[in-house]
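A look at the structure
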Amino acid sequence: MLDNQSTLPRLPVPSLENLKQKYLASCKPLLTEQEFEQTKQTVEQFLSEEGFGQELQKRLLEYDQKQPNSWLEDIWLKKAYLEWREPSLINVNWWCEFKDHPEHPENDLKRPPPRGVLSTFQIQRAAGLISNFVSVQQVINQKQLPAEFIKDKPLCMNQYTDIFGMTRIPGATADTVQNKFPTDSKHIIVMAKDQMYAVQVLADDGSRVTIKEIERLLLQVGQDSLASANEPPIGILTAGHRDNWGQAYAKLQALGNQENFDLINDALFVVCLDDHATKKNIDESHKQIFHNHDASNRWFDKAIQLIVANSGRAGVNGEHSPVDAVVPGNLFNHVLSNEPAVDPQGAKAVRLSAPKKLNWKIDASIEDHMKEARKTAIALIQDTDSCLLQTEIYGSRYIKEVASAPPDAFVQMALQLAYIRLHKTPTAIYESASTRFFKHGRTETGRSMSVESLEFCQSFDNDDILYDDKRKLLKTAIQTQSGYMKQAAMGQGIDRHMLGLRCMIQAGEQEKATMFTDPAYIKSMYFKLSTSNMSPGKWFYGGFGPVVPEGYGINYAIDKDALKFSISCKKSDPNSDVYKFREVFERTLKDLMILFPKRSEVWGIGWEKRFKQEKFEDKAIEQMKKLGKRED
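A few points on the structure. Predicted, not measured: the structure shown is a model, and the values here were computed from it.

1. Quick look at the sheet that holds strand β8 (residues 270-273)
Spatially, eight strands are ordered β11-β7-β6-β8-β9-β10-β1-β16 in an open sheet, and the strand pairing comes out mixed. Pairing within the sheet leaves two strands with one partner each, and these edge strands are β11 (356-357) and β16 (540-543). Bridging between strand β6 (residues 187-192) and β8 involves four bridges; their strand directions are parallel. Bridge pairing in β8 places V190 opposite V271. Running over the sheet, helix α10 (residues 282-290) touches β1 (94-98), β9 (305-308), β10 (314-318) and β16 and is turned about 130 degrees from β1.

2. Topic: the packing of helix α8 (residues 242-254) against helix α9 (residues 258-266)
Running from N to C, α8 and α9 cross one another at 120 degrees; their axes reach a closest spacing of 8 Å. Relative to α9, the element α8 lies oblique. For the pair α8 and α9, the contacting residues are W245, Y249, L252 and Q253 in the first and Q258, F261 and N265 in the second. Broken down by class, the residue content of the contact of α8 with α9 amounts to four nonpolar, three polar and no charged.

3. Regarding the side chain of D324
Summarising the element assignment, D324 is placed in the loop between β10 and α11 (326-337). Leave out the neighbours within four places in its chain, and D324 touches Y81, Q159, R442 and T443.

4. Points about the pairing of strand β13 (residues 428-434)
Most of β13 sits inside the fold, with five of its seven residues counted as buried. One ladder, built from four bridges, connects β13 with strand β15 (residues 527-533); its direction is parallel. Note that in β15 the partner of E431 across the bridge is T531. With five bridges joining them, β13 and strand β14 (residues 443-447) adopt antiparallel strand pairing. By the bridge assignment for β14, S434 is matched with T443.

5. Regarding the packing of aromatic side chains
Applying the stated rule across the entire model yields 31 aromatic pairs. With 5.6 Å between their ring centres and 70 degrees between their planes, F46 and F516 make a pair best called edge-to-face. Pair noted here: F46 is in helix α2 (residues 33-46) and F516 is in helix α18 (residues 514-517), with a separation of 470 residues, a long-range link. Clustering of aromatic rings is evident, with ring pairs tying together W94, F98, F133, F164, F269, F332 and F540. Taking the ring centre of F611 as reference, the NZ or CZ of R397 above it sits at 3.6 Å. When the ring centre of W76 is taken as reference, the NZ or CZ atom of R496 above it lies at 3.8 Å.

6. Some details on helix α16 (residues 467-489)
Here α16 is 23 residues long and its end C-alpha atoms lie 33 Å apart, about the 33 Å a rise of 1.5 Å per residue gives. Considered for burial, the residues of α16 that qualify are K470, L473, L474, A477, I478, Q481, S482, Y484, M485, A488 and A489. Structurally, α16 contributes buried residues whose contacts are with α1 (16-27), α14 (407-423), β13, β14 and α15 (451-460). Phi turns positive, to about 80 degrees, at G491, one or two residues after α16.

7. So, the pattern of salt bridges
Under the counting rule described, the total for this entry stands at 35 salt bridges. Across the salt bridge formed by E319 and R168, the nearest N and O atoms sit 3.0 Å from each other. One end of the pair, E319, is in the loop between β10 and α11; the other, R168, is in strand β4 (residues 167-169), and 151 residues separate them in sequence. The class of R168 is buried, set by a relative accessible area of 1%. Linking K560 and E614 is a salt bridge whose minimum nitrogen-to-oxygen distance equals 2.6 Å. Residue K560 is located in the loop between β17 (552-558) and β18 (563-570), and its partner E614 is located in helix α22 (residues 607-631); the two are separated by 54 residues in the primary sequence. We classify E614 as partly exposed; its relative accessible area is 23%.

8. Some remarks on unusual backbone geometry
For the bond from E339 to P340, the omega torsion is -5 degrees, close enough to zero to count as cis. In this fold, P340 is placed in the loop between α11 and β11. P536 follows S535 through a cis peptide bond whose omega is 10 degrees. Note on placement: P536 falls in the loop between β15 and β16. Of note, the phi angle at N292 is positive, near 65 degrees, even though the residue is not glycine. By the element assignment, N292 lies in the loop between α10 and β9. What makes N292 buried here is its relative accessible area of 2%. Unlike most non-glycine residues, N297 shows phi in positive territory, near 55 degrees. Position of N297 relative to the elements: it lies in the loop between α10 and β9.

9. A short note on the environment of A409
Relative to the helices and strands, A409 resides in helix α14. Judged by its relative accessible area of 2%, A409 falls in the buried class. Along the backbone, A409 and K193 are 216 residues apart, and their C-alpha atoms lie at a distance of 44 Å.

10. Some points on the side chain of N555
Looking at where N555 falls in the secondary structure, it is placed in strand β17. Excluding residues within four positions of it along the chain, N555 makes contact with S532, M534, G542, G543, F544, K564, F565 and S566.

11. Section: helix α3 (residues 52-66)
Taking 1.5 Å of rise per residue, the 15 residues of α3 would be expected to cover 21 Å, and the 22 Å separating its terminal C-alpha atoms lies within 8% of that figure. Among the residues of α3, F52, G53, L56, Q57, R59, L60 and D64 are the ones counted as buried. Buried residues of α3, seen end-on, are gathered within an arc of 165 degrees and therefore sit on one face of the element. The exposed residues of α3 that point more than 90 degrees off its buried face are Q65 and K66.

12. Topic: the nonpolar core
Counting residues in hydrophobic clusters, the biggest one holds 53 residues, and the most contacted among them are F456, F565, F581 and F585. Among residues more than four places away in sequence, those in contact with F585 are L389, A414, L415, A418 and F565. If you look at the next biggest cluster of nonpolar residues, it comprises 52 residues, including F98, V209, V316 and F540.

The rules behind these values
- Residues numbered from 1 in each chain as written.
- Predicted model: local features only at pLDDT ≥ 70, side-chain atom pairs only at ≥ 80, totals over all residues.
- Heavy atoms only, no water.
- Pairing = 2+ DSSP bridges.
- Helix = DSSP H or I, 4+ residues; strand = E, 2+ residues; numbered from the N terminus.
- Contact = heavy atoms within 4.5 Å.
- Axes fitted to C-alpha atoms, helices over the stretch in contact; angles between N-to-C directions.
- Parallel < 35°, antiparallel > 145°, perpendicular 65-115°, else oblique.
- Nonpolar A, V, L, I, M, F, W, Y, C, P; charged D, E, K, R; others polar.
- Buried < 20%, exposed > 50% of the residue type's maximum accessible area, 1.4 Å probe, protein only.
- Phe/Tyr/Trp six-rings, centres within 6.5 Å; stacked < 30°, edge-to-face > 60°.
- Lys NZ or Arg CZ within 6 Å of the ring centre and 35° of its normal.
- Expected span 1.5 Å × (residues − 1).
- Salt bridge = Lys/Arg side-chain N within 4 Å of Asp/Glu carboxyl O.
- Arc of directions from axis to C-beta.
- Core = buried A, V, L, I, M, F, W, Y, C linked by side-chain atoms within 4.5 Å.

Right, dumping it as structure tokens:
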């Protein structure tokens, strides 16, 4: 798994010329001519041979030489996450909802069990998912996960070591992360009715156990959560302001709760058994995974928080600081493609220790901290709206073969066009680009808004412009967007570079940093569209919150013949509306088809019937593979 780590190149510090060219190009569609000329003058002076940018670049290069793996690693972890004091709930954590179990009782989805109970199928699915997650964890722990490549280029696998057992720890002014790899932990934390239990999932000697044994322990948790006296809902503190949580954490330690924190922090992951479920409508059910409507029965500081509703619907809420969602997403594909779960090879029919309930020592100050956290979380949740768009209008096959375009860039152009149609103005756009070609690589910003994309968007609804010309403008815009993303993935973006330069500014030097005090700097990174591609979305779909109060957070997955989107925004912004955006965006996806040939012209008469048969055969093959695994 880690064999290629020593051969991976370090993330480069890009040149100042790269910064100047890309930065000015990204600012141009957002500024007036007069504003752009002023910004251009400021940037050229700042980055000139005599400019302050040269000194900052020199310091950054020197800093890079002192770092063991990457100049960006610690800067990004601290500045993007650990020093951020607003709640991790919605602002930092991502969510994903799983595909329903292949043997899911339909009645449990149509008419979920009543609130206040845990269902049999819920326990069964949770036990199977836990077993599958432990299987993946064991492979990682033993460093046997196959190395990943794009074409012949190896990718950094370091993030996989920061999934299981990883926990964010609150501090007074900044948080820390705690993890041990390989881990010798054998337990998880299970939450039910805001009660917390340490539950063993590996035998004392580290060997695997049957799914039935995990079911037995989960049933014990459910029964005890109903019968025993309630402990205070400490988990709500993880949903509040980080300073409030940091103060409460220190106080709880002083009150004698360190053993509880050790159990939580060392746990492989957290499992939340909810005694309720929302309707079958995924527009509603995803909110249980996103925030649970009131942030109850959660521990938002764990890298993996597996959530199972009493309808059996499931998903994960993940803490973002140590790992980017695409990495655990790769593991989810394995976990879910192996449902229904079967006992792992060599599983022993042993009885594990009974679940250990976490009892808390608190005082009046902790009660106050919990009230404050709950108030903060509820306000944040009530101000957040989200919805989904899942359509089979087309997918990557159509985009590649009919539109002759790369799917990601095509979707980015559709998003930009929809935004401009709705809001009548362009905006800075963030798209996440992975830098895992480099040692300990994380992400870079793909600045998707360009002069070329704006020109296309402004032309599309202009009847005076010919379709041929619109197609040419789209092609040029796509080439620009794809080119930027490729360069960003190769360490030649600008946003992380600018962050690094800013971190080199010393006390009393702020006035010299004219590029960063220029109004265009904030405008160019005020991302009212923050987007992330988690394709193909076959086994799950996910989302995250907006990154600015007037913006949208949009996650998408492009499958062969389908598209999936989640859209979030703040209700308090009068100009943002997820439902209006969804409506305009869905229409935009259809409208773009007018630029391309009819599908029958490319795929021939009867393509619908052929594709339907192909889909049926793919499903049959998938079922046969699962039967084969069961027999093995």
